[in-house]
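Chains, contacts and geometry: an overview
Here are the chains, one letter per residue:
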Amino acid sequence: MAPIRDRSLTGPLPEIHGRGLHLRPWDATSGADVETWLRGMRDPEFRRWNTPMRLVTDRTSARESLLARAHSAAEGTSMSFRIADARSGTALGHIGVNEIKYHLKVARVGYWVLPEARGRGVATRALLLAAHWALTELGLHRLELDHAVGHDASCRIAERCGFAYEGTLRGATFEEGRHDAFRDAHLHARLATDPEPDAEPGAGPGSNSQA
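Throughout, a residue's number is its position along its own chain's written sequence, starting from 1. Side-chain atom pairs in this predicted model are given and counted only at pLDDT of 80 or more, local residue features only at pLDDT of at least 70, and totals for whole chains, interfaces and linings cover all residues. With hydrogens and water excluded, all non-hydrogen atoms of the structure serve as input to the side-chain values.

1. Remarks on the pattern of salt bridges
- Between Lys or Arg on one side and Asp or Glu on the other, a salt bridge is scored when a side-chain nitrogen of the former is within 4 Å of a carboxyl oxygen of the latter. Counted under the stated rule, the structure contains eleven salt bridges.
- For Asp43, the salt bridge goes to Arg118, with nearest N and O atoms at 2.5 Å. Here the residue Asp43 occupies a position in the loop between helix H2 (31–42) and helix H3 (44–49), and Arg118 occupies one in the loop between strand E5 (106–113) and helix H5 (122–136), the gap between them amounting to 75 residues.
- Each residue's exposure class comes from its accessible area (1.4 Å probe, protein chains only) as a fraction of the maximum for that residue type: buried when under 20%, exposed when over 50%, partly exposed otherwise. Residue Arg118 is classed as partly exposed on the basis of its relative accessible area of 23%.
- One salt bridge connects Arg108 with Asp146, and the closest N-O pair in it is separated by 2.0 Å. Here the residue Arg108 occupies a position in strand E5, and Asp146 occupies one in strand E6 (residues 142–148), the gap between them amounting to 38 residues.
- Classification of Arg108 by relative accessible area gives buried; the value is 16%.
- For Asp146, a relative accessible area of 5% gives the class buried. Helix numbering and strand numbering both begin at the N terminus, where a helix is a DSSP run of H or I of at least 4 residues and a strand a DSSP run of E of at least 2.

Right, here's the structure in full:
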């Protein structure tokens, strides 16, 4: 089988279906996608737990952010998916398989869910889909997920999806709204050799770091 890096440069990016969801790549040329991305990045719950290096504050910066993610996807280093309801097509949030290191067969996952979509198991279902895809179609061995200490909902979602808690990373993520102060993070991980989780979607805010 050809390396996924080569395939990502010559063919369309993947779409993932299942569990009542449709995951597809974000489209920086779509006004609706740009607006959804902007809403997610400006959401107070997202900002509480995440401080991106480059803040998204308006439609211009939202489009630039999506263009950067499209470039990473073309290079095969990160894959960013728009989460939508499979029937209606309504946007629900985002999930990414990021920092893909093919030589180590490892990547990091992150996600967020729009306020009106929370409490419906969207994060759980999307994480189950994306993790299965990454550990099978991409051929990865290890997926990591981290979140700021105190974000208990992300802990529950991670463990429900088979991401075992592995410890606390000291000063591993930015403090809320700052780039000059740090806070601890919990590290979770799932291996391709772990049993497939028998998870039932549950409630929770559904936003974590490294989205």
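And the narrative resumes.
2. Considerations on the packing of aromatic side chains
- The criterion for an aromatic pair is that two Phe, Tyr or Trp rings (for Trp, the six-membered ring) have centres within 6.5 Å, with stacked assigned to planes under 30 degrees apart, edge-to-face to planes over 60 apart and tilted to the rest. All told, the structure shown has five aromatic pairs when counted by the stated rule.
- The interplanar angle of 35 degrees and the centroid separation of 6.2 Å between the aromatic rings of Trp26 and Trp112 together place this pair among those described as tilted. Of this pair, Trp26 sits in the loop between strand E2 (21–25) and H2 while Trp112 is found in strand E5, placing the two residues 86 residues apart along the sequence. As far as the burial class goes, Trp26 and Trp112 line up, both buried.
- An aromatic cluster is defined as three or more aromatic residues linked by ring pairs; in this entry it consists of Trp26, Trp37 and Trp112.

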